[in-house]
Amino acid sequence: MDPIQLWNAIKEELRQTISQGFSYTNYVDTLKPLQLVENENNTVTLQLTTAYEQVASEWLNASSSYYQAFMQAAMTATLKLTGQPTFIIPSVTYVSPTPTTLFDLPEDKDKGEEEDQQQSKDSLASEFVTQSILNPEFRFETFVSSDENREAYAVAQAVADKPGTQWNPLLIYGGVGLGKTHLMQAIGNKVLERTPDANVKFITTEDFINDFTEALRRGQKETEAFKREYRSTDLLMVDDVQFLAGKEKIQEEFFNTFNAITRENHQIVLTSDKLPKEIPGLEMRLVTRFGQGYSANITKPDLPTRVAILRNKSDLENLSIPNDVIDEIAAAVDTNVRDLEGVFNQVVGKMRFSNVPITVETARTILEAMNFKRQRAITIPIIQEAVAKFFNVTVQDLNGKKRNKEIVVPRQIAMYIARELTQDSLPQIGRSFGGKDHTTVMHSTEKIENAIENDSILAEQVQNIREELSNG
């Protein structure tokens, strides 16, 4: 069987199952067939190559939607080609693209030189600037939002519907693995779905730093090409802008890029682990720019949301995982979505590659191996009760307006621990303490954080409360 003919047939089947536009173009159409290899177990591997590392990485995941769609498409394609369905396994390898050089000049030398110069001008950036590839799985439909994150979800949808109008830039901030990148890329996928020709670019801050550094190293022409590449985007999405901190030259270029894009009423979306004003080493002009649009907080999912996330993944992958197993995983993994999905994938792998039935006991074994165990959720009311008991005050005291030291210090400690252990936003914490303003929460947490460094008694008190909460 000819690998090119086979791949073309499989692509036609995939065209029917994978959404057209960005997803198909980047994750299927960029693949090139190399050869067919017969395996000892009567299966065949179709070896393919790609010039994009992220594409190759996605195809390595046997549980990804592309991998699963390929298996079905290959069975259908081989049935049509040979009359006999064949089990084909995809193997995608990343191959670094090699730049080509044209040596022959056209007969019209002046015209040829002009065309070569224009071609060189247009292609300079593509030789060293990071290629932008979105994950097609990161869509609004696959983002399960908790009540606390509905605001961020709604604003992200508004930006996707009308980019560059009102919420510009949109900054999504929160802890690691909570879905910031998912929500940001959902905006990009939505924009491309509606406007396939839109110039959408997704990069990490590290990509931006590397691209700019490489442009400077190559010289003036490449630096200008870098600027054209970044400043001509309709939608620029930059992950983890906190890594700009302390890099003055990079911050200056990012500031100019930011201004060029927003001046044209084009959209910028950023993610960060904290608010810009809380990032040490970030220039005030960037803090001001980042805060001029809308800052949306992503928080840790609560138990019902974690259950919904796992059931959603189970449905998307057509898996039959018992509800009690899903409940067990959701109750044990309360750190972030990334950890939650990591445990889920381990359970799925166990179910697919062994004959062991998936039970609560099986899930617990996997959870223990990954250092997770079922525990009660630590909420602000639980923290308030623990702090009130420890300092012999009442929860009403903590939520009230008394300003005497015997009440203020426990209140500040409770706010500090709430921010540390719950991932709730500053406004949410403030509301839980009798309607305090978010600036009050910030001041309280900063005061305790600074005091702990110099007050060993206070540090011990806070640690004792943490242990009490942990032991439940």
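Note that the structure is predicted; figures quoted are calculated from it, not measured.

**Q** Sorry, what's going on with the overall build of the chain here?
**A** On a plain count of helices and strands, the chain comes out with 21 helices and eight strands. Counting every position in the chain, which comprises 472 residues, the buried fraction comes to 45%. In the chain, the share of contacts with a sequence separation of at least 24, taken over all contacts with a separation of at least 6, comes to 72%. For the chain, the accessible area works out to roughly 24600 Å², and carbon and sulfur atoms hold 47% of it.

**Q** Even after reading the chapter, I still don't get the sheet that holds strand β2 (residues 44–50), so can you show me in this structure?
**A** Strands belonging to one sheet form pairs held by backbone hydrogen bonds; the direction of such a pair is parallel or antiparallel. One open sheet accounts for three strands, arranged β1-β2-β3; its pairing is mixed. The open sheet terminates on both sides in strands that have one partner only, identified here as β1 (32–38) and β3 (88–94). The sheet shows a mean angle of 25° between the axes of neighbouring strands, direction not considered. Bridge analysis of β1 against β2 gives six bridges, and the strand direction is antiparallel. The residue bridging Q35 from the neighbouring strand is Q47, located in β2. On top of the sheet, helix α1 (residues 3–17) reaches β1, β2 and β3; it is set at about 110° to β1, its chief contact. Across the sheet, helix α3 (residues 53–60) is in contact with β2 and β3; its angle to β3 comes to roughly 150°.

**Q** What exactly am I supposed to notice about the packing of helix α16 (residues 380–391) against helix α18 (residues 405–422) here?
**A** A pair of packed helices is captured by two measures, namely the crossing angle of their axes and the spacing between those axes. α18 packs onto α16 with a crossing angle of 145° between their chain directions and a minimal axis gap of 9 Å. Handedness of the crossing formed by α16 with α18: right-handed. Contacts between α16 and α18 involve I380, I383, V387 and F391 from the former and P410, I413, A414, I417, A418 and T422 from the latter. Along the lines of polarity and charge, the residues of the contact of α16 with α18 split into nine nonpolar, one polar and no charged.

**Q** Would you mind going over the packing of aromatic side chains with me for this structure?
**A** The geometry of an aromatic ring pair comes down to the distance between the two centres and the angle between the two planes. Taken as a whole and judged by the stated rule, the model has 15 aromatic pairs. A centroid spacing of 5.0 Å and a plane angle of 70° characterise the contact between F390 and F391, whose relative ring orientation is edge-to-face. Accessibility expressed as a relative area gives 36% for F390, which makes it partly exposed. Residue F391 is classed as partly exposed on the basis of its relative accessible area, which comes to 21%. Members of the aromatic cluster, joined through ring pairs, are F208, F212, F226, Y230, F254, F258 and F290. A cation over an aromatic ring shows up here: R285 above the ring of F255, its NZ or CZ 4.4 Å from the ring centre.

**Q** What's the story with the confidence of the model for the chain in this structure? I'm lost.
**A** Interpretation of this model should avoid reading the predicted coordinates in detail wherever pLDDT is low. Across the chain, the average pLDDT comes to 83, with 89% of residues at or above 70. When pLDDT is averaged over each helix and strand of the chain, the minimum, 53, is found for helix α5 (residues 109–128) and the maximum, 96, for strand β7 (residues 267–272). Low pLDDT, under 50, characterises residues 98–109; the predicted model gives this stretch three contacts beyond four residues in sequence or across chains. Across residues 117–123, where pLDDT falls below 50, the model places two contacts with residues more than four positions away in sequence or in other chains.

**Q** I keep staring at the packing of helix α13 (residues 323–332) against helix α15 (residues 360–369) and nothing clicks. Help me out?
**A** Running from N to C, α13 and α15 cross one another at 25°; their axes reach a closest spacing of 9 Å. It follows that α13 is roughly parallel to α15 by the angle criterion. Of the two elements, α13 crosses α15, and the hand of that crossing is right-handed. For the pair α13 and α15, the contacting residues are D324, V325, E328, I329 and A332 in the first and V360, A363, R364 and L367 in the second. Of the residues belonging to the contact of α13 with α15, the class tally is six nonpolar, no polar and three charged.

**Q** Would you explain empty space enclosed by the protein in this entry?
**A** Which parts of space are left empty comes out when a probe the size of a water molecule is rolled across the atoms. The final tally for this structure, using the stated rule, is one cavity of 30 Å³ or more. Quantified by volume, the largest cavity comes out at close to 40 Å³. In terms of lining, the largest cavity is formed by R139, F140, E141, A186, N189, K190 and E193. The class makeup of the residues in the lining of the largest cavity is two nonpolar, one polar and four charged.

**Q** It is not clear to me how the pairing of strand β5 (residues 200–204) should be interpreted in this structure. Could you clarify?
**A** Burial analysis of β5 places four of its five residues in the buried class, the great majority of the element. By the bridge criterion, five bridges tie β5 to strand β6 (residues 235–239) in an arrangement that is parallel. Each bridged residue has a counterpart across the sheet, and for F202 the counterpart in β6 is M237.

**Q** Can you help me understand the sheet that holds strand β8 (residues 294–297) in this one?
**A** With parallel pairing, five strands are arranged side by side in an open sheet as β5-β6-β7-β4-β8. The open sheet has two edge strands, β5 and β8, and neither has a second partner. Averaged over all adjacent pairs, the angle separating strand axes in this sheet is 15°, with direction ignored. As paired elements, strand β4 (residues 170–173) and β8 share four bridges and run parallel to each other. If you follow Y173 over to β8, its bridge partner there is N297. Its contacts with the sheet place helix α6 (residues 150–161) against β4, β7 and β8, and it is angled at close to 140° to β8.

Calculation rules
Residues numbered from 1 in each chain as written. Predicted model: local features only at pLDDT ≥ 70, side-chain atom pairs only at ≥ 80, totals over all residues. Heavy atoms only, no water. Helix = DSSP H or I, 4+ residues; strand = E, 2+ residues; numbered from the N terminus. Buried < 20%, exposed > 50% of the residue type's maximum accessible area, 1.4 Å probe, protein only. Contact = heavy atoms within 4.5 Å. Areas by Shrake-Rupley, 256 points an atom, 1.4 Å probe, with all protein chains shown as cover. Pairing = 2+ DSSP bridges. Axes fitted to C-alpha atoms, helices over the stretch in contact; angles between N-to-C directions. Left-handed = near helix turned anticlockwise from the far one by under 90°. Nonpolar A, V, L, I, M, F, W, Y, C, P; charged D, E, K, R; others polar. Phe/Tyr/Trp six-rings, centres within 6.5 Å; stacked < 30°, edge-to-face > 60°. Lys NZ or Arg CZ within 6 Å of the ring centre and 35° of its normal. pLDDT = per-residue confidence, 0-100. Parallel < 35°, antiparallel > 145°, perpendicular 65-115°, else oblique. 1 Å grid on protein atoms, 1.4 Å probe; cavity = no way out; pocket = protein on both sides within 12 Å on 5 of 7 lines; lining within 4 Å. Points joined across faces, edges and corners; volume = space filled by probe spheres on them.

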